[in-house]
Amino acid sequence: MNDEEKKIIISRISEYRQNESGEFQRTPVSPLNRWLTYAMLIPVVVVMVFAGIFFFAAFLALVALAVVVVGIRFWWLRHKYEKAMQQSNNITRQSATDQTEFIEDAQIIEETEIHRDGQRK
């Protein structure tokens, strides 16, 4: 492969050509080719925009669902905690007011008296 063939291949790949003064010049593209390229890119861009909107909406819906699930979980845990605290407060309040317990169905089997000197009667 001679030097001239290498220049042609490189020139076609980069679409630039070097003139005699050593400056690069861009190969002109016809307006018809440019408009055809734009016409083909418009549907591709529109489809990509709609796909982006769809995936963003799906991601946003998943995030919203996760936020709702976590919020419900925190609400439920707080509800259980408040209920447990209320029950413990009721138990302590009830035990403070009820120092004496009455047993209605009791039967006295044996009655003994113990005096201070340690003797039974």
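Keep in mind it's a predicted model, so treat the numbers as computed, not measured.

1. As for the overall build of the protein
Turning to step 1, where the next piece is worked out: Scanning the protein from terminus to terminus reveals two helices and two strands.
Turning to step 2, where the next piece is worked out: Taken from the N to the C terminus, the helices and strands of the protein come in the order α-β-β-α.
Turning to step 3, where the next piece is worked out: The burial tally for the protein puts 2% of its 121 residues in the buried class.
Turning to step 4, where the next piece is worked out: For the protein, the exposed area adds up to about 12400 Å²; of that, 63% sits on carbon and sulfur atoms.

2. Observations concerning the confidence of the model for the protein
Turning to step 1, where the next piece is worked out: Per-residue confidence for the protein gives a mean pLDDT of 78; residues scoring 70 or more make up 62%.
Turning to step 2, where the next piece is worked out: For the protein, per-element mean pLDDT is lowest for strand β1 (residues 16-18), which scores 54, and highest for helix α2 (residues 31-97), which scores 90.

3. Some thoughts on the packing of aromatic side chains
Turning to step 1, where the next piece is worked out: Under the criterion given, the structure shown has three aromatic pairs.
Turning to step 2, where the next piece is worked out: Aromatic side chains Phe54 and Phe55 sit 5.3 Å apart centroid to centroid with 70° between the ring planes, which places their arrangement in the edge-to-face category.
Turning to step 3, where the next piece is worked out: Judged by relative accessible area, Phe54 falls into the exposed class, the value being 56%.
Turning to step 4, where the next piece is worked out: The class of Phe55 is exposed, set by a relative accessible area of 56%.
Turning to step 5, where the next piece is worked out: Taking the centre distance of 6.2 Å and the plane angle of 50° together, the rings of Trp75 and Trp76 count as tilted.
Turning to step 6, where the next piece is worked out: Look at Trp75 and you get partly exposed, because its relative accessible area is 47%.
Turning to step 7, where the next piece is worked out: Judged by relative accessible area, Trp76 falls into the partly exposed class, the value being 42%.

4. What about a nonpolar patch on the surface?
Turning to step 1, where the next piece is worked out: Together, Trp35, Tyr38, Leu41, Ile42, Val44, Val45, Val46, Met48, Val49, Phe50 and Ile53 give the surface a local cluster of nonpolar side chains, amounting to about 1100 Å² of exposed area.
Turning to step 2, where the next piece is worked out: Considering the arrangement of structural elements, one finds Met48 in helix α2.

5. Digging into the UniProt feature "transmembrane region" (unreviewed entry) in the protein
Turning to step 1, where the next piece is worked out: Mapped onto this numbering, the UniProt entry gives "transmembrane region" (unreviewed entry) at residues 35-53 and 59-76.
Turning to step 2, where the next piece is worked out: This span, residues 35-53, is 100% helix and 0% strand, and a straight line between its end C-alpha atoms measures 27 Å.
Turning to step 3, where the next piece is worked out: As annotated, residues 59-76 comprises 100% helix and 0% strand, and the C-alpha atoms at either end are separated by 26 Å.

Criteria and thresholds
- Residues numbered from 1 in each chain as written.
- Predicted model: local features only at pLDDT ≥ 70, side-chain atom pairs only at ≥ 80, totals over all residues.
- Heavy atoms only, no water.
- Helix = DSSP H or I, 4+ residues; strand = E, 2+ residues; numbered from the N terminus.
- Buried < 20%, exposed > 50% of the residue type's maximum accessible area, 1.4 Å probe, protein only.
- Areas by Shrake-Rupley, 256 points an atom, 1.4 Å probe, with all protein chains shown as cover.
- pLDDT = per-residue confidence, 0-100.
- Phe/Tyr/Trp six-rings, centres within 6.5 Å; stacked < 30°, edge-to-face > 60°.
- Patch = residues over 30% accessible without salt bridge, like charges linked within 9 Å, V, L, I, M, F, W, Y side chains within 5 Å.
- Salt bridge = Lys/Arg side-chain N within 4 Å of Asp/Glu carboxyl O.
- UniProt positions renumbered as here; feature names shortened; annotations may be inferred.

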